[in-house]
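Secondary and tertiary structure notes
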Amino acid sequence: MSPHELYALVGSLSLGTLTLLYALQWRDNHQPWAAWFAIAFLFHTLRYALHPLTQPAHGLTSTWAMVFLTPSLIAMTEGMSHYIGLHPRAAHAIRWIAITGAVASLLWGAVP
């Protein structure tokens, strides 16, 4: 096993553990932030678990890596907005900033 494969394995296991912990937190307390964090860490787990697909090629970011990381950005932002109890108008504005940034990153990352 190469060092990169070991890094991906350890990363997917540790992030998968965080996914499980946040999912259990949501199941027990029904706090929306916990569900959003579980979703965000699930996408990070998939990015590491599918390591060969998400590696940069020719100095460019992998499209698959961007496919996993952009929803994570949105979910993490949404979770943090719920966690700190942002005012609904502020949360709405930040949500759209996150979505715009995620879509721009996805499109930029998809350009060969």
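Residues numbered from 1 in each chain as written. Predicted model: local features only at pLDDT ≥ 70, side-chain atom pairs only at ≥ 80, totals over all residues. Heavy atoms only, no water.

Structural notes on the confidence of the model for the protein chain
For residues with low pLDDT, the predicted coordinates do not support detailed interpretation. Residues at a pLDDT of 70 or more form 95% of the protein chain, whose mean pLDDT is 88. Within the protein chain, the element-level pLDDT minimum falls on helix 4 (residues 88–110), averaging 86, and the maximum on helix 2 (residues 32–49), averaging 94. (pLDDT = per-residue confidence, 0-100. Helix = DSSP H or I, 4+ residues; strand = E, 2+ residues; numbered from the N terminus.)

Considering the pattern of salt bridges
As enumerated under the stated definition, the model contains 2 salt bridges in all. Residues Arg27 and Asp28 are paired through a salt bridge, measuring 3.5 Å at the closest nitrogen-oxygen approach. The same class applies to Arg27 and to Asp28, which are both exposed. (Salt bridge = Lys/Arg side-chain N within 4 Å of Asp/Glu carboxyl O. Buried < 20%, exposed > 50% of the residue type's maximum accessible area, 1.4 Å probe, protein only.)

Describing unusual backbone geometry
Non-glycine residue His30 carries a positive phi angle of around 55 degrees. Following the sequence through the fold, His30 ends up in the loop between helix 1 (3–29) and helix 2. Using a relative accessible area of 53% as the deciding quantity, one classes His30 as exposed.

Observations concerning the nonpolar core
Listed in full, the 6 residues of the largest apolar core are Leu15, Trp33, Ala34, Phe37, Phe41 and Tyr48. Considering each element in turn, this core owes the most residues, 5 residues, to helix 2. Apart from residues no more than four positions distant in its own chain, Trp33 is found in contact with Tyr22, Gln25, Gly79, His82 and Tyr83. (Core = buried A, V, L, I, M, F, W, Y, C linked by side-chain atoms within 4.5 Å. Contact = heavy atoms within 4.5 Å.)

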